[in-house]
Amino acid sequence: MNAAPADQIRLLDLQDLDVRLTQLAHKRASLPEHAEIESLTKDVTQLRDLLVAAQTEDSDCAREQTKAEQDVDQVRRRAARDQQRLDSGAVTSPKDLESLQREIASLAKRQGDLEDVVLEVMERRESAQERVAELTERVSSVQSKIDDATGRRDAAERELDREAATVTKEREVVAASIPADLLKLYDKLRAQQGGVGAARLYQRRCEGCRLELNITEVNEVKAASPDTVVRCENCRRILVRTAESGL
């Protein structure tokens, strides 16, 4: 393939722009905020799971407390009715009086036991509520950090995207000035060679693979016409000759 030396030189400008675009894409993908957000998101997910568990415990305790209080109220009403019967004098039989008094005593003990249950449940519920409040605050704090990191990430991405758009436009201008067949070869080699399709020959060294040409390769490059598109024998990239090639 032949191409004017100036067109070959422009390949180096195009390569520099492509390298810059690759660097910008890598920088965008490796912003520190990505790892920060990922770590914080894991933290807030765990905290929300714990919060749901604490809220569930609070809800369970609330139902248990309601049930225990209803039991206490039921026993209290029954005891009040029995006491009213006892105080009214309607029960005159000694046996019935004794039975009624035993039942009142039994109900008093049952009420005491149930009130102890209510207190125990209330203590558990208070602990659960404190846990809910604590976890709610922690979730809010971590979420604020996520929002902050997300804002910083978005701002950094916008800036990188703006720069990438500018470089892309510059690339379009440079690419349009390069012959189609040469550009096609460059793009093909760039895809095959890790993003580098053309490299400068500097002091007899290919800047693509960083290997120095041997004497035979140097003589072949020297003998080639300036219009000849030379390829590196080692990495097969387009080898662009300049005044600093050392030929």
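My aim in this report is to walk through the structure given alongside it, one point at a time.

Criteria and cut-off values
- Residues numbered from 1 in each chain as written.
- Predicted model: local features only at pLDDT ≥ 70, side-chain atom pairs only at ≥ 80, totals over all residues.
- Heavy atoms only, no water.
- Axes fitted to C-alpha atoms, helices over the stretch in contact; angles between N-to-C directions.
- Helix = DSSP H or I, 4+ residues; strand = E, 2+ residues; numbered from the N terminus.
- Parallel < 35°, antiparallel > 145°, perpendicular 65-115°, else oblique.
- Left-handed = near helix turned anticlockwise from the far one by under 90°.
- Contact = heavy atoms within 4.5 Å.
- Buried < 20%, exposed > 50% of the residue type's maximum accessible area, 1.4 Å probe, protein only.
- Pairing = 2+ DSSP bridges.
- Lys, Arg positive; Asp, Glu negative; His and termini not counted.
- Salt bridge = Lys/Arg side-chain N within 4 Å of Asp/Glu carboxyl O.
- Core = buried A, V, L, I, M, F, W, Y, C linked by side-chain atoms within 4.5 Å.

Contact geometry of helix α1 (residues 5–29) with helix α4 (residues 180–192) gives a least axis separation of 11 Å together with a crossing angle of 40°. Relative to α4, the element α1 lies oblique. In terms of crossing hand, the pair formed by α1 and α4 is right-handed. The segment α1 lies against α4, with D7, Q8, L11, L14, Q15 and D18 engaging L182, L183, Y186 and R190.

One can find D7 in helix α1. D7 sits in the buried class, given a relative accessible area of 11%. For D7, the residues in contact, after removing those within four places along its chain, are S177, I178, P179 and L182.

This part is about the pairing of strand β4 (residues 238–241). By the alternation rule, side chains of β4 split into I238 and V240 and L239 and R241, which are all buried. Sheet topology note: the strand β3 (residues 230–231)/β4 ladder contains 2 bridges and is antiparallel. Residue pairing in the sheet places V230 in a bridge with L239 of β4. What sits between the antiparallel neighbours β3 and β4 is a turn of 6 residues, in which R236 has the positive phi angle 70°.

Moving on, we come to the side chain of D82. As for its placement among the helices and strands, D82 is situated in helix α2 (residues 32–88). Despite its burial, D82 remains without a salt bridge, the nearest opposite charge being carried by R85 at 4.5 Å. Excluding residues within four positions of it along the chain, D82 makes contact with L100, E103, I104 and L107.

Now for the nonpolar core. In this structure, L11, L14, I178, L182, Y186 and I238 are the most contacted members of the largest nonpolar core, which totals 21 residues. Within the residue set of this core, elements represented by two or more residues are α1, α3 (94–176), α4 and β4. Residues in contact with I178, not counting those within four places in the same chain, are D7, R10, L11, L14 and L183. Core analysis: the next-biggest nonpolar cluster, separate from the first, contains 11 residues, L201, C206, V218 and V221 among them.

The 4 strands lie next to each other as β2-β1-β4-β3, forming an open sheet whose pairing is mixed. Sheet topology places β2 (205–206) and β3 at the edges, where each strand pairs with a single neighbour. Bridge count between strand β1 (residues 198–202) and β4: 4 bridges; the pairing is parallel. Along β4, the bridge assignment pairs R200 with V240. Of the strands in this sheet, β1 and β4 are in contact with α1, which crosses β4 at around 115°. Strand contacts of α4: β1, β3 and β4, with the helix running at about 120° to β4, the strand carrying the most contacts.

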